[in-house]
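Summary of the model geometry
Listed here are the chains, written in short residue letters.
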Amino acid sequence: MCLKMLQHHIQKQSLVQNHSVSLRVNDQTGTKKGYTFIQANRGWLPKFFMLWVLMVAFFSMLLFEGMDAENKVRRKDFLISMCDQRARMLQDQFSVSVNHVHALAILVSTFHYIKNPSAIDQETFAEYTARTAFERPLMSGVAYAQRVLDSEREKFERENGWIIKTMDTEPSPVRDEYAPVIFSQETVSYIGSLDMMSGEEDRENILRARATGKAVLTSPFRLLGSHHLGVVLTIPVYKSKLPPKPTVAERIEATGGYLGGAFDVESLVENLLGQLAGNQAILVNVYDITNSSEPLIMYGHQNQDGDMSLVHESKLDFGDPFRKHEMKCRYLQKAPIPWTALTTAFLFFVIGLLVGYILYGAAIHIVKVEDDFHEMQELKVRAEAADVAKSQFLATVSHEIRTPMNGILGMLALLLSTELSSTQRDYTQTAQACGKALITLINEVLDRAKVEARKLELEAFPFHVRSILDEVLSLFSEKSRKKGIELAVFVSNKVPEFVIGDPGRFRQIITNLVGNSVKFTERGHIFVKVHLAGQSNGNTNVKDETFLNGGSEEGAKSDTEQYRTLSGFRAADERNCWDSFRHLVADEDSQPNSSVVDMMAANDASEDVTLMVCVEDTGIGIPFSAQHRVFTPFMQADSSTSRHYGGTGIGLSISKCLVELMHGQINFVSRPKIGSTFSFTAVFGRYKKKASLDRSKSKSEELPIAFGGLKAVVVDEKPVRAAVTQYHLRRLGIVSEVATSIKSVFGMSGKNGSTIPGNNTQPDMILVEKDYWVSGEHGSAIGQLLDLRQNGHVLKFPRLILLATNISDDEFDKAKAAGFSDTVIMKPLRASMIAACLQQVGVGMKKQAGKDAPNDSGVPIKSLLCGKKILVVDDNIVNRRVAAGALKKFGANVECAASGATALKLLQIPHSFDACFMDIQMPEMDGFEATRQIRKMESQVNEQQMVNGGSTIDGTAKRSEWHMPILAMTADVIHATYEVCLKCGMDGYVSKPFEEENLYEAVAKFFESKLKPVSDS
Amino acid sequence: MLGLGADRLRADMNRLLALLFHQGVLDEQFLQLQQLQDESTPNFVSEVVNIYFHESEKLLKNLRSILMDKEFSDYKKMGIHLNQMMGSSSSIGAKRVSNVCIAFRAASEQHNRAGCLRALELLEHEYCYLKNKLHELFQIEQQRILAAGVRYPMHM
């Protein structure tokens, strides 16, 4: 066993593993097919993100560069334009000054040399130059130096009265040539009489000037007076007019002197720049770049601060072809940080980063969600697999436990059959009871597992509703009687006799509910009510109405009858109390009993019958806190409940499942300490009666109909209980009336009895409720009644019958003494039991043999089969022998046939067999075929009879028609087989090997129904 | 002395029955069969069982001959035999035999010859075991009846 379980376990595990493996395979295929792009490239996501960031950074840099470059271009353009403007202006002003000096040179030439004697002296020159100084704003001053050859020096010195001095104001040494200043502007008067040729630059300048005949410039140097940087401009002055295209020698020869002027470049440029806007922003340097490798600065500082990065050079042309100048402009300040571009680029980067991050985050999220999803899916599949495995495990284990348990139970039964001491017997019986309980539990677990595994299927075949309820009742009658609880069933008349469904499951639900009720109820009642689902709706309306009308009456009566329920105890749900219940009953009373079939015909319109079953108890109820989990498996109201009352709490959940399978609903109303009412609906198929079926046969079912037409009076104060009693009497065909006291009965019967003895209206029996009788107030009335009876006043005095839930010996004696000598019927009431009791006292006048109380099933089957001639058809000799043995044990007269053919021969009409048990599986001719042939034979004979005008052919054929009951014997009890059995004309089936109850059920069905015609004859 | 012997024999019998139940050789059906036995049919069980043995031996012989036939195996016929065997076995409550029959039938339905042969061997084994045990049981019963005078057993 253990090994087996282990094996199972391993199998389960491997199953689960298989599952997960297949799942993984699915996963992989899923990646290939259904997965998103993102999921497929999940590994690349961070790289994508990095790439994106780099890209954004790159683009923002580009953006920045672009904007910055634009800025720079603008800046550069600005610089260029500024620089060029300055250069042009400088150049213009310079050339204006040079022109003027030129003009001055012409003046000196004209008035000093050509005019003789000279019209110019120092004063004239000084005054003229001073007055025209505004024309030469760039020049600090002008002076005129005469060319003096060494040969002429003495003459010159004599004429002028001073000696020629060098620049250092020393008397000039002897040279070839001298150029002493003779005229000078006031501003530069300090150079008067100085030899210009003694200064290196001046001499060079002078030589160059007279050679070219143009204005020439020196390289910049510090000027004598101002110590500013400056250049000296020298223009030759010719004594005579020059020939066109003069040679250098001619020029030198014609040179009379030199006019020179000092350009103070520094102050000149300073002035110039001062006039222009944007002066502060720009740094200007002017260079002499005659010697291109070594530029000489003319203006500005070589090592000045400023933006060295951006320089613009502009060419300057000061009219001296020998010298080259240029202007370099720079910004004073470095280019400002381009905030706009920077901010824009930064924002762009940030936005790009954010977008990237959002996308990345979303992708990561998608991946995560998908991962989670797949994980969940896997978990779900695993959970489902585990659930299936659990159910299978439960089913298997339950099954495995059941097998040895059967052995244990069998052994216990064997043990009980041996001679045991009373203690041993007690032990054994306890063990057997426990074993049975265990089997029940296992069956429940199995059911539950089946329901969960959706393997539970409902069968569908016609069954008798009322007998199912009777069976349930008989199951619990013992327990309820012991506890002193009233157990009652009421089935509404509108509920059809037969419905199509699964009687086993229907019974299981009711058994479960009633079982629970019995378990949890210590006093009061348990009341099972069955009606059509539509009926209750109407009642609730009526109930309100009665409540309004009968309010005062109820208030008055509340002392005597606490609640108008079955036992007088309060119930959780008011629906079953008399106020609403009587309408249900009244409804039915308005319909004559015989018209049930008509009613059914009227209701036939719908295919389905929805039954509503209420199980009401007055037990401990369910605590409100636990009510929501009542239908959860293995949950009882609280843990103490299971300790106290036992049970697993699985029953209700199974019931719920079953009810749902029957397309119904289950619910309950429960009040702690008051009781619970469970009600459920179930949908059944409507059973269409076949024309061939005898109406009376189906109606009476197992109940004898010998009581038809009898009358009874039920004495009971409690209307609900009275209605239940009436219901059972009605089922027996007994017409009943309700009286609330004996007196009224007495009055009724007395009157009837005295006037018209033996009249139909006189009751045949009086049923008195024990509670009513025990209350004792009506003793005298009963006495009176008895007196009447003893006096023989009435010819046929009604039987007095006591109805009791439980009765002690004392009470029983007292009852006998009080006149209930006839009988006591123990509750719970069942129609069959009432019938049995009535037969006992001889109420049913046609007393029949074998109609004792059917509590002991062994007795009736014996009586049913006793003396019957039965044919057993089976090819298997062992089976044949066993079946024959079993039937013989029940008193039947058995004959055997080994094959279908033999059976056919034996059953040639006329024959004397009462029934035939037919094996289905037989070689050559199987049971179905044999049955078909038999039926064919019978119908031929029947037709012949019809032709013969119904007259009997011979003595054995008493019945109007030949119909041999044929029961199939089969080893498998599947209902499909059952249907096939019915189809080929069989009447029922018994499972092989024979079981007593099974056999009884099958046999009783047609033998009982045949009792009537037998007794009639 | 005699009475004591009868009690011991009855205990032996019950023990043997318990063993057979425990091993699953028999099931409740055997008990039912015993219940059918009463004063009017004192030897009902042994009678039925003997018929069963007789039939079964015939069936087993047939089965073996069908299977031993090298050229051809008549699975249909085999199925009929097996059904017979199964029916009678379950009738007397020989549970293990009928279980083996079910396996045998499954094998024959699949035309699995090797499986059939294995099942046949198992079936013969089970059958022999059952036969021995039941014989033992009847022997004890016989002795008990002798020991207890003319008292019939198993009045449940």
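This text follows the structure it describes.
These notes cover the structure that comes with them. Throughout, residues of each chain are indexed from 1 in the direction in which the sequence is written. Lettering for chains starts from A, numbering for ligands starts from 1, and both go in the order in which the items are written. Restriction of local features to residues with pLDDT of at least 70 applies here, the model being predicted, together with a cutoff of 80 or more for giving and counting side-chain atom pairs; totals for whole chains, interfaces and linings are based on all residues. With hydrogens and water excluded, all non-hydrogen atoms of the structure serve as input to the side-chain values.

**Topic: the overall build of chain B**
- Helix and strand assignments follow DSSP, with helices taken as H or I runs no shorter than four residues and strands as E runs no shorter than two, numbered in order from the N terminus. Within chain B one finds six helices and zero strands.
- Helices and strands appear in chain B in the N-to-C order α-α-α-α-α-α.
- Burial statistics for chain B: of 156 residues in total, 49% are counted as buried.
- Residues are treated as being in contact if the distance between any of their heavy atoms lies within 4.5 Å. Sequence-distant contacts in chain B: of pairs separated by 6 or more residues, those separated by 24 or more amount to 68%. Residue burial is assigned from relative accessible area. The probe radius is 1.4 Å, only protein chains are included, and a residue is buried under 20% of its type maximum, exposed over 50%, and partly exposed in between.

**Some remarks on the overall build of chain A**
- The secondary structure content of chain A amounts to 31 helices and 29 strands.
- Put simply, chain A has 1017 residues, and 47% of those count as buried.
- Considering only intrachain contacts with a sequence separation of at least 6, the fraction spanning at least 24 residues in chain A is 73%.
- Accessible areas in this description were obtained via Shrake-Rupley with a 1.4 Å probe; residue shielding takes into account the shown protein chains only. When the accessible surface of chain A is summed, it comes to about 51500 Å², and 57% of that surface belongs to carbon and sulfur atoms.

**Some words on the pattern of salt bridges**
All names here are of chain A.
- In the sections that follow, a salt bridge refers to a side-chain nitrogen of Lys or Arg positioned within 4 Å of a carboxyl oxygen of Asp or Glu. What the rule picks out here adds up to 30 salt bridges over all chains.
- The shortest N-O distance in the salt bridge between Glu-177 and Arg-147 comes to 2.5 Å. Taken as a pair, Glu-177 in strand β3 (residues 177-178) and Arg-147 in the loop between β1 (139-146) and β2 (148-149) lie far apart in primary sequence, 30 residues in all.
- For Glu-177, a relative accessible area of 10% puts it in the buried group.
- Several salt bridges share partner residues, and in doing so they unite Glu-313, Lys-315, Glu-326 and Lys-328 into one network.

**Here we look at unusual backbone geometry**
Residue and element names in this part refer to chain A.
- Positive phi outside glycine occurs at His-663, with the angle close to 60°.
- Following the sequence through the fold, His-663 ends up in the loop between α18 (651-661) and β18 (666-671).
- The phi dihedral of Lys-673 is positive, around 70°, even though this residue is not glycine.
- Structurally, Lys-673 is set in the loop between β18 and β19 (675-686).

**A closer look at the packing of helix α3 (residues 45-114) of chain A against helix α8 (residues 265-275) of chain A**
Residues and elements named next belong to chain A.
- Closest axis-to-axis distance for the α3/α8 pair is 10 Å, and the angle between their directions is 125°. Our classification of the angle between α3 and α8 gives oblique. For the pair α3 and α8, the sense of crossing is right-handed. Mapping the contact onto sequence places Arg-86, Met-89, Leu-90, Gln-93 and Phe-94 in α3 and Leu-268, Val-269, Leu-272, Leu-273 and Gln-275 in α8.
- Three residue categories are used. Nonpolar comprises Ala, Val, Leu, Ile, Met, Phe, Trp, Tyr, Cys and Pro, charged comprises Asp, Glu, Lys and Arg, and polar comprises the others, including Gly. Classifying every residue of the contact of α3 with α8 by side-chain character gives seven nonpolar, two polar and one charged. For every element, the axis is a line fit to its C-alpha atoms; helices are fit only across the contacting stretch, and the angle between N-to-C directions ranges from 0 to 180 degrees. Orientation is classified from the angle alone, with under 35 degrees giving roughly parallel, over 145 giving roughly antiparallel, 65 to 115 giving roughly perpendicular, and any other angle giving oblique. For any helix crossing, the convention is left-handed if the near helix is rotated counterclockwise from the far helix by under a right angle, and right-handed if that rotation is clockwise.

**Let's talk about the sheet that holds strand β9 (residues 282-288) of chain A**
Residue and element names in this part refer to chain A.
- As summarised here, the arrangement of the four strands in space is β10-β9-β12-β11, forming an open sheet in which the pairing is antiparallel. Since the sheet does not close on itself, it has two edges, and those belong to β10 (296-299) and β11 (311-316), each with one partner. Taken pair by pair, the neighbouring strands of this sheet meet at an average axis angle of 30°, ignoring direction. In this analysis, strands are considered paired if DSSP registers two or more bridges between them.

**Focus: the sheet that holds strand β25 (residues 869-873) of chain A**
All names here are of chain A.
- The five strands are arranged β26-β25-β27-β28-β29 in an open sheet whose pairing can be described as parallel. Either end of the sheet is taken by a strand with one partner, and the two such strands are β26 (893-897) and β29 (988-991). Neighbour to neighbour, the strand axes of the sheet diverge by 25° on average, direction disregarded.
- Alignment of β25 against β26, held across five bridges, turns out to be parallel. Following the sheet pairing, Val-873 is matched in β26 by Ala-897.

**Here we look at the packing of helix α10 (residues 422-452) of chain A against α18 of chain A**
Residues and elements named next belong to chain A.
- Where α10 meets α18, the axes come as close as 10 Å, and the angle between the chain directions of the two elements is 40°. Comparing the axis directions of α10 and α18 gives the class oblique. Of the two possible hands of crossing, α10 and α18 adopt the one that is left-handed. Note on element contacts: α18 touches α10 through Gly-651, Ser-653, Ile-654 and Cys-657, opposite Glu-444, Asp-447, Arg-448 and Val-451.
- Residues belonging to the contact of α10 with α18 are distributed by class as follows: three nonpolar, two polar and three charged.

**Here's the deal with the pairing of strand β28 (residues 966-970) of chain A**
Residues and elements named next belong to chain A.
- Burial runs high along β28: five of the five residues are buried.
- Here four bridges tie strand β27 (residues 915-919) to β28, and the two strands are oriented parallel to one another. Each bridged residue has a counterpart across the sheet, and for Cys-916 the counterpart in β28 is Ile-966.
- Judged from the four bridges that link them, β28 and β29 form a sheet pairing that is parallel. Within β29, the position partnered with Thr-970 by the bridge is Ser-991.

**Let's talk about helix α12 (residues 503-520) of chain A**
Residue and element names in this part refer to chain A.
- Expected helix span is given by 1.5 Å per residue-to-residue step, counting one fewer step than there are residues. The terminal C-alpha atoms of α12 lie 25 Å apart, and with 18 residues this matches the ideal 26 Å at 1.5 Å per residue to within 8%.
- With 14 of 18 residues buried, α12 lies mostly within the body of the structure.
- Polar contacts, as counted here, are pairs of nitrogen or oxygen atoms within 3.5 Å of one another; within protein the pair requires one atom able to donate a hydrogen and one able to accept it, and residues that are adjacent in sequence qualify only if both atoms are side-chain atoms. Measuring from the side-chain oxygen of the N-cap residue of α12 to the backbone nitrogen of Gly-504 gives 3.1 Å; that N-cap residue is Asp-502.

**A word on the interface of chain A and chain B**
- Taken together, the contact between chain A and chain B spans 22 residues of the former and 30 residues of the latter.
- Summed over both partners, the accessible area lost on bringing two parts together, with a 1.4 Å probe, is the buried area. Surface buried jointly by chain A and chain B totals about 2300 Å² across both partners, of which 61% is contributed by carbon and sulfur atoms.
- By the criterion of area lost to chain B, the three top residues of chain A are Leu-414, Val-878 and Arg-881 of chain A, representing 24% of everything that side buries.
- Joining chain A to chain B, the criterion identifies one salt bridge.
- Put simply, Arg-881 of chain A and Glu-47 of chain B hold a salt bridge, and the shortest N to O gap is 2.6 Å.
- At the junction of chain A with chain B, the criterion picks out three residue pairs in polar contact (both at pLDDT 80 or more).
- Secondary-structure elements contributing two or more residues to the side of chain A that touches chain B are α9 (339-417) and α27 (877-889) of chain A.
- With eight residues, α27 of chain A is the largest single contributor of residues to the side of chain A that touches chain B.
- Its residues placed into classes, the side of chain A that touches chain B shows eight nonpolar, nine polar and five charged.

**A word on the packing of aromatic side chains**
Residues and elements named next belong to chain A.
- Here is the rule: rings of Phe, Tyr and Trp (six-membered ring for Trp) pair when centre to centre is within 6.5 Å. Planes less than 30 degrees apart are stacked, more than 60 are edge-to-face, and the remainder are tilted. A full pass over the atoms with the stated rule returns 21 aromatic pairs over all chains.
- Ring geometry for Phe-49 versus Tyr-357: centroids 6.0 Å apart, planes at 65°, classification edge-to-face. Pair noted here: Phe-49 is in helix α3 and Tyr-357 is in helix α9, with a separation of 308 residues, a long-range link.
- With relative accessibility at 17%, the residue Phe-49 sits in the buried group.

**Some details on the state of the cysteines**
All names here are of chain A.
- Note on disulfides: each one is a pair of cysteine sulfur atoms within 2.5 Å. What the rule picks out here adds up to one disulfide over all chains.
- With its sulfur 2.1 Å from that of its partner, Cys-83 forms a disulfide with Cys-329. Judged by the torsion about the S-S bond (85°), the Cys-83/Cys-329 disulfide is right-handed. Here the residue Cys-83 occupies a position in helix α3, and Cys-329 occupies one in strand β12 (residues 325-331), the gap between them amounting to 246 residues.
- On the basis of relative accessible area, Cys-83 is assigned to the buried category, the value being 0%.

**Brief notes about a nonpolar patch on the surface**
Residues and elements named next belong to chain A.
- To count toward a patch, a residue needs a relative accessible area above 30% and no salt bridge. Like charges then connect within 9 Å, nonpolar side chains (Val, Leu, Ile, Met, Phe, Trp, Tyr) within 5 Å. A surface patch of nonpolar side chains, about 880 Å² in accessible area, is lined by Trp-44, Phe-48, Leu-51, Met-55, Phe-58, Phe-59, Leu-62, Leu-63 and Phe-348.
- Examining the composition of the nonpolar patch, we find that seven residues originate from one element, α3, more than from any other.
- As for its placement among the helices and strands, Leu-63 is situated in helix α3.

**Comments concerning the nonpolar core**
- Here the nonpolar core consists of buried residues drawn from Ala, Val, Leu, Ile, Met, Phe, Trp, Tyr and Cys, with membership extended through side-chain atoms lying within 4.5 Å. Counting 54 residues, the largest nonpolar core has Phe-506, Val-514, Leu-611 and Phe-680 of chain A as its most contacted members.
- Each residue touching Val-514 of chain A, except ones within four places of it in the same chain, is listed here: Val-472, Phe-476, Leu-487, Ile-526, Val-528 and Val-615 of chain A.
- Listed in part, the 53 residues of the second largest apolar core include Leu-33, Val-48, Met-85 and Leu-120 of chain B.

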